[in-house]
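Remarks on the overall topology
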Amino acid sequence: MSYIKIQNHNSVTIKNINNNSSADFTLLAQSIINPKNKQVFALEVTTSFNHNSKKNINTEEFFKTISDDFVKELILIQIEELNMCEYKLNSERIIASINCPFSLLSDSVFVKEVVSLSKVRFAFEICNFKSNTITDSAKRSIRILKSQGHELWLDNFMSEEIPIDALHVLRWDRVKIDRTFIYKHMNNHSIVSALYHFVSKNSFKNLIFEGIESDYQHDQIAKLDCLCQGFLYCKPFSLENIQGQQFEAHLAYQYG
C-alpha cells in the first residue's frame, strides 16, 4: 500500500508515502437507536480530521491522490479499534457500521481479510454507489459478509448522490434515509409513510432515518418500525471512550 499508519496517543495519522502528505484524525462514533424501546442498536464509526492536521498539510493535495488503498487502511484501523471494544460491543449486542465505497465490494480478498480480523459484528455502509450491476467478486464479498453474520447497508438513500435504482440492485439488510429527506418532508406524513413502505419492500430489516434533531421529528418517525440517528440522541464521541466508564453516558438515551 502507498500509505502507512502512525498511532498517536489520542489520534491516528495516515501518511501518503508517494507525496509525503499526511492527515491526522480521531475516530468517532454516533449512536443509532430504536426510538420505541430507547435502546442503542448500532454505532456508526466516522472520522474527524484534526485542526492541526489541516494546518500542517495541503488537505486538497492529500485527497486529490486518495485511492482505495487509503480507504482500506482506514477501514482496517477502524476494525482494529473496534476489536479493542470487543467485550462491551458484543455484550450489549451492538453492531458497528463502517462506511465503505461501493467499489471496494469488488475486492473480495480485502473483504475476507476484514471479516477474518473483526471480533465484533459490523455492517458496511455502502456509499458512492455509481453502478447498477454487481460483479461476481462483489457477490462473493456479500456472501462472505453475510455468512459470518455481518450486514450490508445502503447509505444516503434519497440524496442526490444515490440513484433510486440502487435500491433494487441487491437485497440490502438496512437502508439509511438521508437527512435531507427529513428536512424537506417531515411535515408531510403521507410522503414519509409512502417512502417507508416503498423501501421496506427492498430491505430485510429496519430502515434508519438520519438527521433526527427535534422532539417533533422523533415523535413522527417513532410511529414507524425503524431506527433513528441524529443529534437529538447523541453527538459523535471518541471511539476510545467505549472502553471506559464514559461509554455508559454516551449510551444513555438523551430524549425525554
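Look above for the structure.
Residues numbered from 1 in each chain as written. Predicted model: local features only at pLDDT ≥ 70, side-chain atom pairs only at ≥ 80, totals over all residues. Heavy atoms only, no water.

**Some details on helix 5 (residues 108–117)**
- Here helix 5 has its buried residues at Ser108, Phe110, Val111, Val114 and Val115. When helix 5 is viewed along its axis, its buried side chains cluster within an angular range of 160° and face the same direction. Across from the buried face of helix 5, at angles greater than 90 degrees, the exposed residues are Val109, Lys112 and Ser116. (Buried < 20%, exposed > 50% of the residue type's maximum accessible area, 1.4 Å probe, protein only. Helix = DSSP H or I, 4+ residues; strand = E, 2+ residues; numbered from the N terminus. Arc of directions from axis to C-beta.)

**What about the packing of aromatic side chains?**
- This structure, assessed with the given rule, holds 1 aromatic pair.
- Both rings, one in Phe122 and one in Phe124, keep their centres 5.2 Å apart while their planes meet at 55°; by these two values the pair is tilted.
- Classification of Phe122 by relative accessible area gives buried; the value is 0%.
- You can call Phe124 buried: its relative accessible area is 0%. (Phe/Tyr/Trp six-rings, centres within 6.5 Å; stacked < 30°, edge-to-face > 60°.)

**Remarks on unusual backbone geometry**
- Of note, Arg93 is a non-glycine position whose phi angle comes to about 55°, a positive value.
- Within the secondary structure, Arg93 sits in the loop between helix 4 (86–91) and strand 5 (95–101).

**Concerning the pairing of strand 9 (residues 207–210)**
- Burial of the side chains of strand 9 extends over both faces: Leu207 and Phe209 are buried on one face and Ile208 and Glu210 on the other.
- Both strand 8 (residues 174–177) and strand 9 contribute to a ladder of 2 bridges, which runs parallel. Within the sheet, the bridge partner assigned to Ile177 lies in strand 9 and is Phe209.
- Pairing analysis gives 4 bridges linking strand 9 to strand 10 (residues 226–229), with the strands arranged parallel. The partner of Phe209 across the bridge, within strand 10, is Cys228.
- Traced from strand 9 through helix 10 (residues 215–221) to strand 10, the parallel crossover comes out right-handed. (Pairing = 2+ DSSP bridges. Right-handed = clockwise from strand over helix to strand, strands pointing away.)

**Some remarks on the packing of helix 3 (residues 68–83) against helix 5**
- For the pair helix 3 and helix 5, the least separation of the axes is 10 Å and the interaxial angle reads 10°. Of the possible angle classes, the one that applies to helix 3 and helix 5 is roughly parallel. Once helix 3 is placed against helix 5, the crossing between them reads as right-handed. For the pair helix 3 and helix 5, the contacting residues are Lys72, Ile75, Leu76, Ile79 and Asn83 in the first and Phe110, Glu113, Val114 and Leu117 in the second. (Axes fitted to C-alpha atoms, helices over the stretch in contact; angles between N-to-C directions. Parallel < 35°, antiparallel > 145°, perpendicular 65-115°, else oblique. Left-handed = near helix turned anticlockwise from the far one by under 90°. Contact = heavy atoms within 4.5 Å.)

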